[in-house]
Amino acid sequence: MSQHDHPSVTVIGLGAMGSRIAEVLLRGGHPTTVWNRTPGRAEPLVAQGAVRAGSVAEAVAASPLVLVCVLDYAAAREIVEPVAGDLAGRTLVHFTTGTPRQAREMAEWAAGHGIEYVDSGMMAIPPMIGEEGARFLYSGSKDAFERYRPGLELLGTAEFFGEDAGLASLYDLALLSAMYGMFAGFFHGAALVGSAGLSAGEFAEQAAAWATAMTGGFAHNAPAIDARDYTTTGEQTIAFNKAALDTIVRASRDEGVAVDLVAPLQELLARQLADGHGAASFARIFEGIRSGR
Ligand SMILES: NC(=O)c1ccc[n+]([C@@H]2O[C@H](COP(=O)([O-])OP(=O)(O)OC[C@H]3O[C@@H](n4cnc5c(N)ncnc54)[C@H](OP(=O)(O)O)[C@@H]3O)[C@@H](O)[C@H]2O)c1
């Protein structure tokens, strides 16, 4: 195994995600140096062959590729800013979850110090890393991404979105928005059936089958959004869905279930209807979300 195939890597931040990232790279044959604010968290990795650095500067100096995965951007900036000079000429791949703006600001900071910067959104929970199903989204320096791609692929399927460093985070948060919308619907539904004493367990089975059947609707609605043309070709309209939401809100109130999760959707539909878009397809709600109208 050559050093060229398996470049040395430094992992800074050994929480649940960072520890798993370091472990997968170590097992994949990358000489791995680790650093964590609380040094004890490095113990299991040292036992597997990782080198513990005594300081951030020492950790950075050990590898051309430096990965950072900590709680938030404030912590990440606190760690990397004092070692900007040591990071110069190296690649920084940043896994900490943040906003597109935070990623772009960090990329700008890195460029100002001669650091190649790649930002990442991790579509995985710790046990998924290194296993089938984990997806890692990247944006920023394409050269750096391609150079280190084989190692990054060990963590999960690696997808590059573009040189704008904010894109990985943007996509990550958009996917999480879809996930939270789905969970919000599940919890509201569980509360509704729960009002009659029905179990969330049984509802989970029914909801999973229904939600799975409905996901085809994403691709079905997408062309209308991309074309900004909401002429119906047989699909349900704004007026139809407004009536459905009115019924859901009314039933929720009748059964003593809070409407906090469903009322905003009803309100968006009501605004579309008031603006004369009742006959447009349901996808027109996108315009209200984009513009607040
Ligand atoms: N867990 C998940 O399922 C998941 C999934 C996707 C994305 N993420 C994102 O991945 C990132 C890491 O998550 P995690 O689950 O690994 O978190 P975690 O287990 O809570 O670990 C947090 C890490 O950040 C370090 N840290 C916090 N504040 C610090 C500071 N001021 N200075 C230096 N180090 C600091 C901690 O060091 P100490 O050990 O010294 O406290 C620890 O290494 C987060 O941005 C999270 O949103 C997590």
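Residues numbered from 1 in each chain as written. Predicted model: local features only at pLDDT ≥ 70, side-chain atom pairs only at ≥ 80, totals over all residues. Heavy atoms only, no water.

- An unreviewed UniProt entry lists the chain under the name 3-hydroxyisobutyrate dehydrogenase-like beta-hydroxyacid dehydrogenase, from Pseudonocardia cypriaca.
- Per UniProt, the comment on the chain under Sequence similarities (unreviewed entry) is "Belongs to the HIBADH-related family." (UniProt positions renumbered as here; feature names shortened; annotations may be inferred.)

1. Quick notes on the site of the ligand
Then comes step 1: For the ligand, the set of nearby residues contains 21 residues, the closest of which are Ala16, Met17, Asn36, Thr38 and Arg41.
Then comes step 2: Contacts to the ligand include Leu14, whose backbone N or O atom sits 3.3 Å from an oxygen atom.
Then comes step 3: A distance of 3.2 Å separates an oxygen atom of the ligand from a polar atom in the backbone of Gly15.
Then comes step 4: Within the complex, 76% of the 900 Å² of free accessible area of the ligand lies under protein.
Then comes step 5: Every element with two or more residues in the shell around the ligand is listed here: α1 (16-27) and α4 (73-80). (Near = heavy atom within 4 Å. Polar contact = N/O pair within 3.5 Å; in protein donor to acceptor, adjacent residues only side chain to side chain. Areas by Shrake-Rupley, 256 points an atom, 1.4 Å probe, with all protein chains shown as cover. Helix = DSSP H or I, 4+ residues; strand = E, 2+ residues; numbered from the N terminus.)

2. Section: the environment of Asp5
Then comes step 1: With respect to the secondary-structure elements, Asp5 resides in the segment before β1 (9-12).
Then comes step 2: You can call Asp5 partly exposed: its relative accessible area is 46%.
Then comes step 3: When the C-alpha atoms of Asp5 and Gly151 are compared, they prove to be 8.6 Å apart, with 146 residues separating the residues in sequence. (Buried < 20%, exposed > 50% of the residue type's maximum accessible area, 1.4 Å probe, protein only.)

3. So, the nonpolar core
Then comes step 1: Within the largest apolar cluster, 31 residues are counted, with the highest numbers of intra-cluster contacts made by Leu67, Phe95, Phe136, Tyr138 and Leu155.
Then comes step 2: Secondary-structure elements contributing two or more residues to this core are β1, α1, β4 (65-68), β6 (116-123), β7 (135-140) and α7 (142-155).
Then comes step 3: Once residues within four sequence positions are removed from consideration, Leu155 is found in contact with Ile21, Val24, Leu25, Phe95, Ile129, Gly130, Ala134, Phe136 and Tyr138.
Then comes step 4: Counting residues in hydrophobic clusters, the runner-up holds 25 residues, among them Ala76, Val80, Leu92 and Ala103. (Core = buried A, V, L, I, M, F, W, Y, C linked by side-chain atoms within 4.5 Å. Contact = heavy atoms within 4.5 Å.)

4. Focus: the pairing of β6
Then comes step 1: Of all eight residues in β6, seven are buried; the element is thus mostly enclosed.
Then comes step 2: The sheet contact formed by strand β5 (residues 91-94) and β6 spans four bridges and is parallel. Bridge pairing in β6 links Leu92 to Tyr117.
Then comes step 3: After leaving β5, the chain enters helix α6 (residues 100-112) and then returns to the sheet as β6, a path that is right-handed.
Then comes step 4: Examined bridge by bridge, β6 and β7 share six bridges and lie antiparallel to one another. Bridging from a neighbouring strand, Met122 pairs with Phe136 of β7. (Pairing = 2+ DSSP bridges. Right-handed = clockwise from strand over helix to strand, strands pointing away.)

5. Notes on the UniProt feature "domain: NADPH-dependent reductive aminase-like C-terminal" (unreviewed entry) in the chain
Then comes step 1: Residues given the UniProt feature "domain: NADPH-dependent reductive aminase-like C-terminal" (unreviewed entry) here are residues 164-290.
Then comes step 2: With 71% helix and 0% strand, residues 164-290 has end C-alpha atoms that lie 21 Å from one another.

6. Some thoughts on the sheet that holds β5
Then comes step 1: With mixed pairing, the eight strands of this open sheet are ordered in space as β3-β2-β1-β4-β5-β6-β7-β8. Edge strands, defined here as strands with exactly one partner in the open sheet, are β3 (51-52) and β8 (157-160).
Then comes step 2: Along the sheet face, α4 touches β1, β2 (32-35), β4, β5 and β6 and points at about 160° away from the line of β5.
Then comes step 3: Its contacts with the sheet place α7 against β4, β5, β6, β7 and β8, and it is angled at close to 160° to β8. (Axes fitted to C-alpha atoms, helices over the stretch in contact; angles between N-to-C directions.)

7. Comments concerning the pattern of salt bridges
Then comes step 1: Inspection of the entire model under this criterion finds 14 salt bridges.
Then comes step 2: Notably, a salt bridge pairs Arg52 with Glu43, separated by 3.2 Å at the nearest N-O pair.
Then comes step 3: Arg52 sits in the partly exposed class, given a relative accessible area of 35%.
Then comes step 4: Two residues, Lys142 and Glu146, come together in a salt bridge whose shortest N-O distance is 3.2 Å. Highlighted residues: Lys142 and Glu146, both in helix α7, separated by four residues, approximately one helical turn.
Then comes step 5: Put simply, Arg20, Glu23, Arg27 and Glu131 are held in one network by salt bridges that share partners. (Salt bridge = Lys/Arg side-chain N within 4 Å of Asp/Glu carboxyl O.)

8. Quick look at helix α12 (residues 263-274)
Then comes step 1: The end-to-end C-alpha distance of α12, which contains twelve residues, comes to 16 Å, matching closely the 16 Å that a straight helix rising 1.5 Å per residue would cover.
Then comes step 2: All of the buried residues in α12 are Gln266, Leu268, Leu269, Arg271 and Gln272.
Then comes step 3: Of the surrounding secondary structure, the elements contacted by the buried residues of α12 are α11 (238-254) and α13 (285-291).
Then comes step 4: Of the residues flanking the end of α12, it is Gly276, one or two places downstream, whose phi is positive at about 85°. (Expected span 1.5 Å × (residues − 1).)

9. A short note on the layout of surface pockets
Then comes step 1: The computed volume of the largest pocket comes to approximately 2500 Å³.
Then comes step 2: Among the elements of the structure, α8 (167-194), α9 (200-214), α10 (216-227), α11, α12 and α13 are those that each provide at least two residues to the lining of the largest pocket.
Then comes step 3: When the residues that make up the lining of the largest pocket are grouped by side-chain class, the tally is 32 nonpolar, twelve polar and three charged.
Then comes step 4: In this structure, the second largest pocket occupies an estimated 500 Å³ of space.
Then comes step 5: Asn36, Cys69, Val70, Leu71 and Ala75 are the residues nearest the centre of the second largest pocket, which is lined by 23 residues in total.
Then comes step 6: Among the elements of the structure, α1 and α4 are those that each provide at least two residues to the lining of the second largest pocket.
Then comes step 7: Residues of the lining of the second largest pocket, tallied by class, amount to 13 nonpolar, seven polar and three charged. (1 Å grid on protein atoms, 1.4 Å probe; cavity = no way out; pocket = protein on both sides within 12 Å on 5 of 7 lines; lining within 4 Å. Points joined across faces, edges and corners; volume = space filled by probe spheres on them. Nonpolar A, V, L, I, M, F, W, Y, C, P; charged D, E, K, R; others polar.)

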